[in-house]
Amino acid sequence: MVLALTVCGLVVLLAAAGLFVFGVRRRLIQRSGGTFDCSLRWDTPEKSDTSGKGWGYGIARYSGDRIEWFRVFSYAPRPRRILERSAIEVAGRRAPEGEEELALLSDAIVLACLHRGTRLELAMSEDALTGFLAWLEAAPPGQRVNVA
């Protein structure tokens, strides 16, 4: 009986510690500012896939001329993907369709992009999209920016 209570207590303690580390990591990522909730689907097919598969929920952070994307459910201190402003080409935008509506946040807009020849999709709120497109268009003179 004592052993079972000890094991249960350790499991609860480990779960609480894991959640605490998620929270601390998110605060450290957001500490420098310029962050927004952003889902990402990497290496997408040419025709849009509305099955809802492949989306990763994350936090994106502006860092100079690049965006750093962190997975929410990860302990990694480094970004999972880095997108350089000069390499991003916006191909179009659309509303989530089909099962995507369940996989993404309720107010998300899907932005189809190319980054160094790789197709990807970003899903973010309307406000975050406005800021993202403004950031893309605010590139220093001489840099190529393609916004559809």
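In case you missed it, the structure is sitting above this.
Residue numbers restart at each chain and count upward from 1, following the sequence in its written direction. In view of the model being predicted, local features appear only for residues whose pLDDT reaches at least 70, and side-chain atom pairs are presented and counted only at 80 or more, with totals across whole chains, interfaces and linings using the full set of residues. Just so you know, side-chain values use all the structure's heavy atoms and leave hydrogens and water out.

Trainee: Before we go on, may I ask you to explain the sheet that holds strand β6 (residues 109–115) in this structure?
Mentor: Strand pairing is defined by DSSP finding a minimum of two bridges between the two strands. The helix and strand labels rest on DSSP assignments: H or I over at least four residues marks a helix, E over at least two residues marks a strand, and numbering proceeds from the N terminus. In space, the 7 strands of this open sheet follow the order β4-β3-β2-β1-β7-β6-β5, with antiparallel pairing throughout. Every interior strand has two partners, whereas the edge strands, β4 (81–84) and β5 (88–94), have only one. Strand-to-strand twist of the sheet, defined as the mean angle between neighbouring strand axes without regard to direction, takes the value 35 degrees. Relative to β4, strand β3 (residues 66–71) runs antiparallel, the two being bridged by 4 bridges. Its bridge partner being in β4, Ile-67 is matched across the sheet by Leu-83. Axes, fitted as lines to C-alpha atoms, cover a helix only where it is in contact. Angles between the N-to-C directions of the axes lie from 0 to 180 degrees.

Trainee: What exactly am I supposed to notice about the packing of aromatic side chains here?
Mentor: To describe a pair of aromatic rings, one takes the distance between the centres and the angle between the planes. Centres within 6.5 Å are what make two rings of Phe, Tyr or Trp a pair, Trp counting through its six-membered ring; a difference in plane orientation under 30 degrees is then read as stacked, over 60 as edge-to-face, and the rest as tilted. In this structure the tally under the stated criterion is 3 aromatic pairs. Ring geometry for Phe-36 versus Tyr-62: centroids 5.3 Å apart, planes at 40 degrees, classification tilted. In this pair, Phe-36 sits in strand β1 (residues 35–42) while Tyr-62 sits in strand β2 (residues 56–63), placing the two residues 26 residues apart along the sequence. Summarising the aromatic geometry, the rings of Phe-132 and Trp-135 are spaced 6.0 Å apart at their centres and angled 35 degrees between planes, so their arrangement reads as tilted. Taken together, the residues span about one helical turn, with Phe-132 and Trp-135 both in helix α3 (residues 126–137) at a distance of 3 residues. The pair Phe-132 / Trp-135 is uniform in exposure class, with both members buried. Three or more aromatic residues joined by ring pairs make a cluster, and in this case those are Phe-36, Tyr-62, Phe-132 and Trp-135. Think of it in three bands: residues with accessible area under 20% of the maximum for their type are buried, residues over 50% are exposed, and the middle band is partly exposed, with areas taken using a 1.4 Å probe on protein chains only.

Trainee: Explain the environment of Leu-83 here, please?
Mentor: Structurally, Leu-83 is set in strand β4. When its relative accessible area of 4% is taken as the criterion, Leu-83 is described as buried. The contact partners of Leu-83, leaving out residues within four places of it in the chain, are Trp-42, Asp-65, Arg-66, Ile-67, Ile-88, His-115, Leu-120, Leu-122 and Trp-135. The criterion used for residue contact is that any of the two residues' heavy atoms lie within 4.5 Å.

Trainee: Just to check I follow, could you spell out the pattern of salt bridges for this structure?
Mentor: Opposite charge on two side chains permits pairing when their charged atoms draw close. Put simply, a salt bridge is a Lys or Arg side-chain nitrogen that is within 4 Å of an Asp or Glu carboxyl oxygen. For the coordinates displayed, the defined rule picks out 8 salt bridges. We note a salt bridge from Glu-68 to Arg-66, for which the minimum N-O separation is 2.9 Å. Among the salt bridges present, the one from Arg-116 reaches Glu-84, with a minimum N-O distance of 3.2 Å. Separated by 32 residues along the polypeptide, Arg-116 in the loop between β6 and β7 (118–124) and Glu-84 in strand β4 bring together distant segments of the chain. A network of salt bridges, in which partner residues are shared, links Arg-41, Arg-94, Glu-100 and Glu-121.

Trainee: I keep staring at unusual backbone geometry and nothing clicks. Help me out?
Mentor: Across the chain, the bulk of peptide bonds are trans and the bulk of non-glycine residues have phi less than zero. Here the phi dihedral of Asp-43 falls at roughly 55 degrees; this positive angle occurs in a residue that is not glycine. Relative to the helices and strands, Asp-43 is located in the loop between β1 and β2. The phi torsion at Arg-116 lies on the positive side, around 55 degrees, for a residue other than glycine. Residue classification places Arg-116 among the exposed positions, given a relative accessible area of 60%.

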